[in-house]
Amino acid sequence: MNQTNEFPSYRGTMRYKCLSCGATYPIDALYYTCPDCGGVFLLEDTSFSSLAEKHDGPGWRKIFDARAATKNTALRGIFRFYELMAPVLEAEDIIYLGEGNTPIVRASRELEAYAGQPLAYKNDGQNPSGSFKDRGMACAFSYLRHLVRKHGWKDVITICASTGDTSAAAALYASHVGDPLKSVVLLPKGKVTPQQLAQPLGSGALVLEVPGVFDDCMKVVEYLADHYRVALLNSKNGWRILGQESYAFEVAQWYDWNMGDKAVFVPIGNAGNVTAVMSGFLKLHRLGIIEDLPKIIGVQSSHADPVFKYYDQPAEARIYAPVKVRPSVAQAAMIGNPVSFPRVRFLVDQYEQLGGVFHVVQVREQEIMEGMLRVNRHGHIACTQGGECFAGLLKAREKGFLDPHDLAILDATAHALKFIGFQDMYFSNSFAREYEITPGRELHNAPQELIAASRKEDLDEQAFTREAAERVVARLGLADKHDHY
Ligand SMILES: Cc1ncc(COP(=O)(O)O)c(C=O)c1O
Ligand SMILES: [Zn+2]
C-alpha cells in the first residue's frame, strides 16, 4: 500500500462535553443530551493540541492533499480528514457510500454580474442521498458500527425526526449496514416533498408520519431517546456534527487552504450544519492549516428565523426565543426551535474572539424561490435552501457585510430534484397563500405543445416528422444549415 492509502495511526481521546454545565462523558455509550442538565453536547478530542506537535500547518496540508488521491475507501470520502473528525474509528468501521468531495462550481460571468459579487456553489446535493446529511450520517453510522462491534449489540433501532433529508440519509446508511440496524424515521405528514418521502421508503425504513411540523416530530424522538434504547440520528448526535465538518475542510482544501476574502453562506434550520461548518474552520485555524477564517453568513427565511432574530438584537440584549414557523419553500430549514442553537452561540463567540466574522441574514420566500430558479438558469442544481443562500448573498451585499472582492461560497445543501415541486408551483402559480409568493413572468417556463396528437393519426411517419420539424423551424426562425453564422 502506498503512503496515501495508509490508514492513519493517530488515535484521539474523545469525550462528550456539555455546553451548558461543562460535564464530560465517555464515548463508549450513546449520549445526546447531558444527563446532568439536559444541555447539548459537542464531541471533543482532548489530544487535539498534540496534532500541532505532530505536524505544522503546511505539514497537515501536505498529508490531506496527498490523501485526495487515495483509493482506500476508508479515507476517500469525509475521512480524508480523519484526525480532525473522529480519530477513534478503525478502518473496518468506516462506511463509504461515495459521500463528500462534492464539486465547487464557479458561477457564470452572467450570474456574477447579476449578483454583483464573485460566487461559487458547493454542490452538496451530489452526495449519495442527494444532500449534505450524508456527511454526518457517514460518521454517525461508522461510529455506531464501531460500538456494535465493540459491545456485540443486537437489534439496534436507529431513529430520527426529519424535514426529509435527514431521514433519507439515515435510511440509506442503515440499509447499507443492515443487520443489526433497523431504521425508523418520523416525518411531519405532508411537509416533506414526494421525493424525500420516497427515499426512506425505497431504503426499506419504517416511515412514521406525525401531524404537525418538524418541531413536533423532534419532541417525540427526544422523548424516545430519553426513555428507551434507540440510536438517535438527529444532529443532537454529536457524531453527525463531526462528519459535517468535512464540508469546511473540503472548501478550504479546494482553495489551497486560503480562506482570506471568502464568505461561506449556509442556510440555517436546526443549525447543525452551520455549527459543523464553523467548528471545522476553527479546527483548521487552530492547527495553522488555514491562516484566515472565512466570513460565515447564516441565512434564514422570514418564515422560520429564530437564529436571525437572536443575532439581530444588540449583543448585550440578546434573548433567544423559538418561533412558530410558517410554510416555507426552504422546507428543509423550516424549524422554529433549532436544537443546535446553543452550539451556534458557543462557536460564534469563539469565532469572533479570533477575529472571525459571523452574520445571519433574513430573506423573503419570494427571494428564496426566485434565487433557486435564477441560479439554476445559470447551470447550477440548487435546491430551495441553495436558493436561500443566493438570496442571502444579495441581502448580505445590501447590508454591507461583504467586501467587493469577497468570493461567496454558497451551500447547495440538496439536489434541485428533491424540491422540484416548488418549481412546479411557481410555474403553475399554485402556491398556497401562506407562502406569500407571486410568480413573475421573467423566470416562468412551461412545456409548449409542438403538434397535436391527432396529426399523428392523419400523417404517415415521414410526413409527421417533417411537419413537426417545420413547426420548430417556424417557431425559432432557424437559418438554413448552409447559411454562414
Ligand atoms: C437541504 C437542507 N438544507 C438545509 C438544511 C438545514 O440544515 P440544519 O438543519 O443543519 O441547519 C436542511 C436540514 O434538514 C436540509 O435538509
Ligand atoms: Zn450539562
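Quantities reported herein were computed from a predicted structural model and do not represent experimental measurements. (Residues numbered from 1 in each chain as written. Chains lettered and ligands numbered in written order. Predicted model: local features only at pLDDT ≥ 70, side-chain atom pairs only at ≥ 80, totals over all residues. Heavy atoms only, no water.)

**As for the domain arrangement of the chain**
So the rule is basically this: Note that domain bounds follow an automatic or database assignment of domains.
Segmentation of the chain into domains returns domain 1 (104-128 + 241-435) and domain 2 (448-485). Domain 1 and domain 2 are separated by 45 Å when their C-alpha centres are compared.

**A short note on the UniProt feature "domain: Tryptophan synthase beta chain-like PALP" (unreviewed entry) in the chain**
Note the cut-off: UniProt positions are given in the numbering used here, feature names are shortened, and annotations may be inferred rather than shown by experiment. In this text, helices come from DSSP runs of H or I with a minimum length of four residues, and strands from runs of E with a minimum of two, each type numbered from the N-terminal end.
The feature "domain: Tryptophan synthase beta chain-like PALP" (unreviewed entry), as annotated in UniProt, sits at residues 96-405 in this numbering. End C-alpha to end C-alpha, residues 96-405 measures 37 Å, and it is 45% helix and 15% strand.

**Structural notes on a nonpolar patch on the surface**
Stated precisely, the cut-off is as follows: Residues with no salt bridge and a relative accessible area higher than 30% make up the patches, which join like charges within 9 Å and nonpolar side chains (Val, Leu, Ile, Met, Phe, Trp, Tyr) within 5 Å. We get accessible surface area from the Shrake-Rupley algorithm with a probe of 1.4 Å; when it comes to residues, only the shown protein chains can shield them. Salt bridge criterion: a side-chain nitrogen from Lys or Arg within 4 Å of a carboxyl oxygen from Asp or Glu. Each residue is placed in one exposure class: buried if its accessible area under a 1.4 Å probe, protein chains only, is under 20% of its type's maximum, exposed if it is over 50%, and partly exposed if it falls in between.
Residues V473, L476 and L478 make up a contiguous nonpolar surface patch of about 280 Å² in total accessible area. For L478, the location among the structural elements is in the segment after helix 19 (461-476). Owing to a relative accessible area of 49%, L478 belongs among the partly exposed residues under this scheme.

**A look at the coordination of the zinc ion (ligand 2)**
When four donors bind a metal tetrahedrally, each ideal donor-metal-donor angle is 109.5 degrees, and when six bind octahedrally, the ideal angles are 90 or 180 degrees. Short version of the rule: Donor selection uses N, O and S atoms within 2.8 Å of the metal (3.2 Å for Na, K and Ca). Since no water is included, sites may look incomplete. A four-donor site is classed as tetrahedral when every donor-metal-donor angle falls between 85 and 135 degrees; four donors are called square planar, and six octahedral, when trans pairs exceed 155 degrees and all remaining angles lie between 65 and 115, with any other arrangement labelled irregular.
Donor atoms from the polypeptide that bind the zinc ion (ligand 2) are C18 (SG), C21 (SG), C34 (SG) and C37 (SG), placed at 2.3 to 2.4 Å. Classification of the site at the zinc ion (ligand 2) rests on its four donor atoms, whose angles at the metal span 98 to 115°, yielding the label tetrahedral. Using a relative accessible area of 2% as the deciding quantity, one classes C18 as buried.

**Notes on the sheet that holds strand 13 (residues 407-412)**
Counted only if it meets this: For two strands to be treated as a pair, DSSP must find at least two bridges joining them. Only the stretch in contact is used when a helix axis is fitted, and all axes are lines through C-alpha atoms; the angle between N-to-C directions ranges over 0 to 180 degrees.
The six strands lie next to each other as 4-5-13-10-11-12, forming an open sheet whose pairing is mixed. Looking at the sheet topology across the chains shown, the edges are occupied by strand 4 (104-106) and strand 12 (358-363). This sheet shows a mean twist of 25° between the axes of neighbouring strands, independent of strand direction. Where strand 10 (residues 262-267) and strand 11 (residues 295-301) come together, five bridges link them in parallel fashion. Across the sheet, residue P267 finds its bridge partner in strand 11, namely V299.

**Quick look at unusual backbone geometry**
Note on backbone geometry: most residues besides glycine have negative phi, and most peptide bonds are trans. Between D179 and P180 the backbone carries a cis peptide bond, its omega angle lying at 5°. Tracing the backbone shows P180 in the loop between helix 7 (165-177) and strand 7 (181-188). Positive phi outside glycine occurs at D256, with the angle close to 55°. As for its position among the elements, D256 is in the loop between helix 11 (246-254) and strand 10. Overall, D256 belongs to the exposed group, its relative accessible area being 62%. Positive phi outside glycine occurs at W257, with the angle close to 65°. Structurally, W257 can be placed in the loop between helix 11 and strand 10.

**Here's the deal with the pattern of salt bridges**
In the structure shown here, the tally under the stated rule is 23 salt bridges. The closest approach of N and O atoms between R15 and E44, which form a salt bridge, is 2.7 Å. With R15 in strand 1 (residues 14-18) and E44 in strand 3 (residues 41-45), this pair connects stretches of sequence that are 29 residues apart. For R15, a relative accessible area of 29% gives the class partly exposed. By relative accessible area, E44 is classed as partly exposed at 24%. A salt bridge links R149 to D93, with the shortest nitrogen-to-oxygen separation between them at 2.8 Å. Of this pair, R149 sits in helix 6 (residues 133-151) while D93 sits in the loop between helix 4 (82-85) and strand 4; the two residues are 56 residues apart in sequence, bridging distant segments of the chain.

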